[in-house]
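Topology and contacts: notes
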Amino acid sequence: MQQKKLDYASWQSALKLTQGPVLETLAKLDANPSPQSDYMAASLLHMCYLRQQNPPMDSALEGYPPRDECLELGTLSQVSWVERMKSAADAGLAAAQVAMAFAENPNPLLSPSAPNPWLEMQRDYIDRATAQCHPGAYIIRANYRFDPDNPQLQNQEAYTDFYTAELIYRHRFEGAPSLEKLLEQERIKLHQHQILEAETQALINYHKTCTR
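Residues numbered from 1 in each chain as written. Predicted model: local features only at pLDDT ≥ 70, side-chain atom pairs only at ≥ 80, totals over all residues. Heavy atoms only, no water.

Next up on the list: the packing of helix H8 (residues 135-144) against helix H9 (residues 156-172). Packing of H8 against H9 leaves a shortest axis separation of 8 Å and a crossing angle of 165 degrees. Comparing their axes, H9 and H8 come out roughly antiparallel. Where H8 crosses over H9, the two elements pack in a sense that is left-handed. Together, Pro135, Tyr138, Ile139, Arg141, Ala142 and Asn143 of H8 and Ala158, Asp161, Phe162, Thr164, Ala165, Ile168 and Tyr169 of H9 make up the contact between the two elements. Across the contact of H8 with H9, the residue classes break down as nine nonpolar, two polar and two charged. (Axes fitted to C-alpha atoms, helices over the stretch in contact; angles between N-to-C directions. Helix = DSSP H or I, 4+ residues; strand = E, 2+ residues; numbered from the N terminus. Parallel < 35°, antiparallel > 145°, perpendicular 65-115°, else oblique. Left-handed = near helix turned anticlockwise from the far one by under 90°. Contact = heavy atoms within 4.5 Å. Nonpolar A, V, L, I, M, F, W, Y, C, P; charged D, E, K, R; others polar.)

In summary, soluble globular proteins display a tendency toward joint burial of nonpolar side chains. Ranked by size, the top nonpolar core spans 27 residues in total, and within it Tyr39, Trp81, Met85, Ala96 and Met100 carry the most contacts. Among the elements of the structure, helix H2 (22-31), helix H3 (35-53), helix H5 (78-90), helix H6 (94-100) and helix H7 (117-130) are those that each provide at least two residues to this core. (Core = buried A, V, L, I, M, F, W, Y, C linked by side-chain atoms within 4.5 Å. Buried < 20%, exposed > 50% of the residue type's maximum accessible area, 1.4 Å probe, protein only.)

Our next topic: the environment of leucine 71. Tracing the backbone through its elements, the reader meets leucine 71 in helix H4 (residues 67-71). Relative accessible area serves as the criterion here: at 45%, leucine 71 is assigned to the partly exposed category. Once the C-alpha coordinates of leucine 71 and phenylalanine 146 are considered, the two residues, 75 residues apart in sequence, prove to be 40 Å apart.

Checked against the element boundaries, tyrosine 144 lands in helix H8. Dropping the residues within four chain positions of it, tyrosine 144 is found in contact with Ala101, Gln122, Arg123 and Ile126.

Evaluation of the coordinates by the stated rule reveals six aromatic pairs. Aromatic pair phenylalanine 146 and phenylalanine 162: ring centres 6.2 Å apart, planes at 40 degrees, arrangement tilted. One end of the pair, phenylalanine 146, is in the loop between H8 and H9; the other, phenylalanine 162, is in helix H9, with 16 residues separating them in the sequence. Like phenylalanine 146, the residue phenylalanine 162 is buried in the burial classification. Judged by centre distance (6.0 Å) and plane angle (25 degrees), the rings of tyrosine 159 and tyrosine 163 are stacked. Of this pair, tyrosine 159 and tyrosine 163 both sit in helix H9, separated by four residues, roughly a single helical turn. An identical accessibility class is assigned to tyrosine 159 and tyrosine 163; each is buried. Grouped by ring-pair contacts, the aromatic residues Tyr8, Trp11, Tyr169 and Phe173 constitute a single cluster. (Phe/Tyr/Trp six-rings, centres within 6.5 Å; stacked < 30°, edge-to-face > 60°.)

Structure representation (structure tokens):
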């Protein structure tokens, strides 16, 4: 049985905050605790954290809450929002797991050469989000696979993840973006048999995580 396609714009905005005073919005979210409310509260606190760190008239933050309302929250730090987002991610919310992939560790390591459990945690969240058929998680995991010192190396696993995301966009959504230009960029690095293997594995990924 073919799944009904989702509207991509609606799916993107499902966890979008409605406009309203910051303190009032946070109070409403706290009054109805859930992974979704933790995610939205964390998103709002993150926006206010950035608003506090930047000049009042920073045009890059257009659409963010007013700075004076954010200042009413007191001095915010990374911890202020990361713990809320982590709570939503631990509860299994895929959008929060994806958001945690971009979160900076609020307690950075003293030695850059020490093992970094924060990065391991982020990769685990992304694996959990890919298992929930989140296309953004596949794109992030593909980017994790690149060698930062030589991104032009053959990378069949990255191509597999990008192609899985493309299958999700194509088959699960109406109005989703296409990754075709990115796929073509990666395809030219691979041999034909690698492309075939990667696209076959992507199809397996899609059916395993998205059609259960």
